[in-house]
Amino acid sequence: MAVELCLLLLLFCGSTISEVQPIYKPPPGTLDFGFVPAKTYDTGAYHEPGPIGILFKIVHAFLYLVQPNSFPQDLIRKLAQQKFGNTQGDYQKAIYYEIGFIVSAALGLLFILLLPLVGLFFCMCRCCDNCGGEMHQRQKKNADCQRSCFATFLFVASLIISVGVLCAYAANQHLTNQVRGAKKLVNSNFKDMKIFLNDTPAQIDYLVSQYNTTKDKALSDLNNVGPLLGSRVQEQLGKEVRPALDAALTMAGAIRETKEALENVSVSVEVLQEGTERLHANLTDVKMQLSNTLNDSACSAAQAASTCNIIRNSLNQLNINANFSGLPGVSSQLAKVNDVLKIDLSSLVQKGYAAFNDTPDLVVNQTRNILSDIKSVLESVGSNITTFTKTLPVQKILTDLMVYLTQSESYVQDYFPVVEQYDFYRWLGCLILCCMLVLILVFYYLGLLCGTCGYDKHASPTTRGCISNTGGNFLMAGVGFSFLFSWVLMIVVVLTFVTGGNVEKLVCEPFEDKTLFKVLDTPYLLNQHWKNYLSGILFKNPNINLTFEKVYSDCKENKGIYTSLHLEHLFNINEFLNISMYTEDVALKIEHIQINLSKIILLDEIGKENLLNFSSSGIEGINFAAYLTEINKSVTKVDLLSFANDLEARADQLPKGALENALKGHANNIRMIHNQQVVPLEQAMSTLNQSIRLLKRTSSELMLKVKNVIGAVNAAQLLINNNASLVIVQETKKYMDTIVGYFEQYIEWVKESIAMEVAACKPIANVIDTAVDIFLCSYITDSVNTFWFGLGGSAIFLIPAIIFAVKLSKYYRRMDTEDVYDDTENGNNGYHKEHLYGIHNPVFTSSVEQW
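Below is a short write-up of the structure. (Residues numbered from 1 in each chain as written. Predicted model: local features only at pLDDT ≥ 70, side-chain atom pairs only at ≥ 80, totals over all residues. Heavy atoms only, no water.)

### Considerations on helix α24 (residues 658-699)
Applicable threshold: We count a stretch as a helix when DSSP gives it H or I for four or more residues in a row; a strand needs E for two or more, and each element gets its number in order from the N terminus. To estimate the expected span of a helix, count its residues, drop one, and scale the result by 1.5 Å.
Helix length check: α24 (42 residues) gives 59 Å between terminal C-alpha atoms against 62 Å at 1.5 Å per residue, within 8%. Looking one or two residues beyond α24, the residue adopting positive phi is Glu701, at roughly 50°.

Here it is as structure tokens:
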């Protein structure tokens, strides 16, 4: 049933796209499919033991000392294959591996056997007044020191036993607490499994629904075929068309500039001719007036003669320098350019631009029928996916699994009280064992307390007080119970030690480092006819490499169950995600798109003829050298402002009088001529200079330029008329790849979602971790191992406690007889001769002190 569920996780639609690889595959726009809905699992498959974890680590270290060998994979494999013992070396390897447990268990068995026998003989020996049974104490000088040492050693041993009891009790209580709290963890696992089952249909529905995202994007691109496909075609053709149209538009601007330049030349030449004639006449008048002034008798004077002669000699400079009367006119060229401008070439070029920019609309109009068919195909794909998902009995299988899970949960809930009841019996038994040790400790502590508090060093052994005597009796009672209980305690210790230690070494540790999975993945281990057991169970094909370790690791990483169980061998996603037939239909329909752009006219014959007329307008026949020669000359031979300033300076050298004033008047007149006539002429010359140079640049190889423009326009028109189909096919292919790319994205997203998100099998790994790592190892094994560790340590230290208690009791109990010494021999130590107190003291013949 679980296998069927895994299969149905892949129901949503189908995958592999067309096997035809496009020549060019542009990266399509990234689609946002959102996140697959997934709920958070509550179970945290990790156990933190708390403060008792320190004891667990100590026990683990002790077990490592007992058993430092690595996990015996070969022995476990042979044991599972029932081949253990076929060779003699198997037993040797097993003994070598278990030598630590064997030696420890043997020592425990020796303890179990010998301690009751020792206790029996010790009891019989004391009944015969031996082994310290005789109520007589031989006194020694170091008696106080011995008593103190025995009391100290017994107290230390009792403390160690107490620590062991506390460890055992803590482990016992910890296990009970964990068992009581395990119900919450079990319920959490069942809850996660229900989430796992309930969430899977919603995830599948989400994957199916996201086909609409792909379809909507594809439909959006189809509805925008003009801006997308048409713009791509336009962009490719525009690499040739736009430069040609730009060149024609530039030439149209050059025609207008040429007309303006010709008009400027015609006007400027006329202005310059009239201005130079008027300037020449005015300068002639100025020279005559200056000459008459210099002929005045005042210039004959000795002080003025030289100055007047200098001025008279400079009068020849007052004359025009440039002669514009001989420049040829440009009226014929202007008339031809005006004829060219009667046709608006710019408007014709703009019509070409407009026709070319209508390419997206042409694409829309010419692909309307084909795009309608493609949209129908996309709608049919969606309906087929929905129909396919409804035919699969997903809900029925999930319902059956949910019923099975509910029954399992009910079974666990019903039997959990039984588990708690049996755990109570176990807790009670362990508590009784701890109470045995506590009883012994009570006797020892009471014995030490009473003996220490009631001891009187001045009292003789036969006159010791009641409290001291009671302390000795408590110690002997503790010794008696130690012999009675110790072997029982050791039996429990040996059994739990062998069991818990081996579970830790053979199950928990190899589970933690995944060595256990490697053993389970051994070929032909669990079934001698199957190489891989897990694939044999799931797929009935044991040759598929599916391992327990890989499945557990993938589920631990919360990968999808399809990836974890390698369900492609049972349910190949490529077969169920196969929409190649639809993508092929879409591709074929897109490939059959025929777009005719022959209606686009970039520049008609009138525009071309207009360009040719401009090239034959005759502007290249203008005598630019003659114009530039005159333009480069100054208007007058001398700068009139400098001449006027110099004349005024000369006048200042003359004596004050009419001559000086007359010369200054002429200087002002020359300045006025410069400002009113020369400056406008210089401006007109500047305009003429710019226009002539513009015409010169325009006329340079004008015919070749026009032919190049017409040739570029013709080449672009030829590309549109004859070769546009190649560009259209290429761009249509890219457009088709973009549309199909959306489906590829959807398929890849679906595959990735199935692999990583859909039916993420983390709950399965959590169940395994809960059962093995938490319940078996952390709860049970660690607690049991800590229990025997504390109990065993206490049992072992009962031996020195018995010895010290027996020794010490002799110093606390009231004796029947005692040794007698003179005061002069030993000093007055509190012991006196018997004749002073009437105490019977038989002859002590033995020289060896008895217990």
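### Describing the layout of surface pockets
Heads up, the condition is: The pocket and cavity definitions rest on a 1 Å grid over protein atoms only: a 1.4 Å probe that fits but cannot leave marks a cavity, an open set with protein on both sides within 12 Å along at least five of seven lines marks a pocket, and residues lining either have an atom within 4 Å of a point. Grid points are joined across faces, edges and corners, and a volume is the space filled by probe spheres set on the points. Lys, Arg, Asp and Glu make up the charged group, whereas Ala, Val, Leu, Ile, Met, Phe, Trp, Tyr, Cys and Pro make up the nonpolar group; the residues left over, Gly among them, are polar.
Looking at the second largest pocket, its volume works out to about 530 Å³. His47, Glu512, Asp773, Ser778 and Asp782 are, among the 22 residues lining the second largest pocket, the residues nearest its centre. Where the lining of the second largest pocket is concerned, the elements lending two or more residues are α2 (53-66), α14 (466-512), α17 (548-556) and α26 (762-796). In terms of residues, the lining of the second largest pocket owes the most to one element, α26, which gives five residues. Its residues assigned to classes, the lining of the second largest pocket shows eight nonpolar, five polar and nine charged.

### So, the nonpolar core
Rule in force here: Here the nonpolar core consists of buried residues drawn from Ala, Val, Leu, Ile, Met, Phe, Trp, Tyr and Cys, with membership extended through side-chain atoms lying within 4.5 Å. Think of it in three bands: with a 1.4 Å probe and only protein chains considered, a residue is buried below 20% of the maximum accessible area for its type, exposed above 50%, and partly exposed in between. Whether two residues are in contact is decided by their heavy atoms: any pair within 4.5 Å suffices.
In this structure, Leu290, Leu318, Leu602, Tyr627, Leu663, Ile670 and Leu688 are the most contacted members of the largest nonpolar core, which totals 135 residues. Here this core gets 22 residues from one element, more than from any other, and that element is helix α7 (residues 225-294). Ignoring sequence-local partners within four residues, the contact set of Tyr627 consists of Val265, Val269, Leu327, Pro328, Gly329, Val330, Ile622, Leu688 and Ile692. Core analysis: the second largest hydrophobic core is formed by 49 residues, Phe101, Met476, Val493 and Ala805 among them.

### Observations regarding the state of the cysteines
Disulfides are covalent bonds that connect the sulfur atoms of two cysteines. For the record, the criterion: Disulfide: a pair of cysteine sulfur atoms within 2.5 Å of each other.
This structure, assessed with the given rule, holds two disulfides. Between the sulfur of Cys508 and that of Cys777 lies a disulfide, 2.1 Å long from S to S. On the S-S bond that ties Cys508 to Cys777, the torsion sits near -100°, and the link is left-handed. Remark: Cys777 occurs in helix α26 and Cys508 occurs in helix α14; sequence separation between them is 269 residues. Per residue, the accessibility class of Cys508 equals that of Cys777, and both read buried. Paired through a disulfide, Cys555 and Cys761 show a sulfur-sulfur distance of 2.2 Å. Looking along the S-S bond of the Cys555-Cys761 disulfide, the torsion reads about -105°, which is the left-handed sense. With a gap of 206 residues between them, Cys555 in helix α17 and Cys761 in the loop between α25 (702-756) and α26 connect regions that are remote in the sequence. Judged by relative accessible area, Cys555 falls into the buried class, the value being 3%.

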